[in-house]
Amino acid sequence: LVDADLGLANADLLCGVQPLATIEQCLALRRPVLDCAVEVRGRFTLIPGASGVARLADLDASDRGWLLGEIESIANTVDWLIVDTGAGLGLNTVAFAAAADRVLVVTTPEPPSMADAYGMIKTLAPRVEPGVVQTVVNQARDEEDARGVWLRLDRVSRAFLAGELPLAGWLPYDASLPQAVRSRVPLLEQSPNSPAARSILRLAQQMRGPSPIANPMQSRRHGAPP
């Protein structure tokens with residue numbers, strides 16, 4: 001897991017670890033970013049970003065290119081590489097997303113969140129192949145609520161971007177998640193049987209399939225049995 005919210009990174013806090021170094025030091029010294037890697041409870045490796053470092057939030061082309069090269073080198077040595085970007089349409093965020101094999105744009109049912117999601121989808125559309133950008137609906141009341149959010153985004157994507165928007169999955173609103181954040185323990189470790197954790201596991205299973213991710217609600221839209 002690469003915490004690529006470079007200026008306001010917090011994955012180390014969420015995972016309950018204290019790295020000795022971050023991407024900031026590796027970038028300054030041009031050292032491999034694996035030098036700052038930290039194991040999270042023996043389950044995965046975290047490449048921590050830095051928090052409160054303004055220059056990292058707006059890297060120049062040289063630094064951004066170097067970091068992208070480092071991330072690509074890691075991708076060749078691991079089974080899965082997840083790059084968690086910052087919010088917004090900054091150059092760093094767009095560059096990291098455009099370099100990925102799959103992009104999951106996370107939204108909630110709130111209109112401002114949906115508008116922001118569409119802004120990212122629109123920005124990435126000319127930069128990636130069809131099907132690379134997919135969406136995840138977070139904090140949905142239920143599957144029907146998530147389906148409604150996806151349908152609205154998919155409709156505008158088809159109308160204005162000339163392409164469908166696959167739905168990777170959805171997560172319900174779940175009080176276990178803020179509890180895990182406060183405890184600084186990954187949700188799947190603290191509350192593995194919670195509704196959100198089960199949804200994350202379903203999403204992970206979907207990710208193991210061929211790209212693009214099969215749309216779990218496509219059959220229902222066309223009237224086939226679920």
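The following paragraphs examine the structure supplied in this document. Throughout, a residue's number is its position along its own chain's written sequence, starting from 1. Confidence filtering applies because this is a predicted model: local features only for residues at pLDDT of at least 70, side-chain atom pairs given and counted only at 80 or more, and all residues used for totals across whole chains, interfaces and linings. Excluding hydrogens and water, the side-chain figures rest on all heavy atoms present in the structure.

1. As for the overall build of the protein
Comment: elements are numbered from the N terminus, with helices defined as DSSP H or I runs of at least four residues and strands as E runs of at least two. For the protein, the count of helices and strands is 11 helices and 7 strands. Along the first, second and third principal axes, the C-alpha set of the protein runs to 55 × 40 × 30 Å. Only protein chains enter the area calculation, which uses a 1.4 Å probe; residues under 20% of their type maximum are buried, those over 50% are exposed, and those in between are partly exposed. Taken across its 226 residues, the protein has 42% of its residues classed as buried. Partitioning the contacts of the protein with sequence separation of at least 6, the portion at a separation of at least 24 is 71%. Per-residue accessibility takes into account occlusion by the displayed protein chains alone, with areas from the Shrake-Rupley method and a 1.4 Å probe. In the structure as shown, the protein presents an accessible area of about 12,400 Å², 55% of it carried by carbon and sulfur atoms. None of His or the chain ends enter the tally, which takes Lys and Arg as positive and Asp and Glu as negative. The atom standing in for a charge is NZ when the residue is Lys, CZ when it is Arg, CG when it is Asp and CD when it is Glu. Between the centroid of the 21 positive side chains of the protein and the centroid of its 25 negative side chains there is a distance of 6 Å. In this analysis, two residues are considered to be in contact whenever any of their non-hydrogen atoms come within 4.5 Å of each other.

2. Here we look at the nonpolar core
Residues enter a nonpolar core if they are buried and are Ala, Val, Leu, Ile, Met, Phe, Trp, Tyr or Cys, with the set joined through side-chain atoms within 4.5 Å. Val103, Val105, Leu124, Val133, Val137 and Leu153 are the most contacted members of the largest nonpolar core, which has 23 residues in total. Going through the elements one at a time, helix H5 (91-98), strand S5 (103-107), helix H6 (111-124), strand S6 (133-140), helix H7 (143-160) and strand S7 (167-172) are the ones with two or more residues in this core. Counting residues per element, this core draws most heavily on H6, which supplies 6 residues. Excluding residues within four positions of it along the chain, Val133 makes contact with Val103, Val105, Ile121, Leu124, Val128, Leu165 and Pro166. The next biggest cluster of nonpolar side chains, apart from the first, holds 18 residues, and it includes Ile23, Cys36, Leu59 and Phe96.

3. Overview of helix H10 (residues 195-207)
Every α-helical turn comprises 3.6 residues, leaving residues that sit three or four positions apart pointing alike. In this analysis, the expected span of each helix is defined as 1.5 Å times one less than the number of residues it contains. For H10, with 13 residues, the first-to-last C-alpha span of 19 Å sits near the 18 Å given by 1.5 Å per residue. Among all positions in H10, only Ala196, Ala197, Ser199, Leu203 and Met207 are buried. One side of H10 carries all its buried residues, which in axial view fall inside an arc of 160°. If you follow the buried residues of H10, they end up packed against S5, S6, S7 and helix H9 (187-190). Here the arc refers to the directions that run from the helix axis out to each C-beta atom.

It is worth stressing that arrangement in space is one thing and function is another; only the former is reported here.
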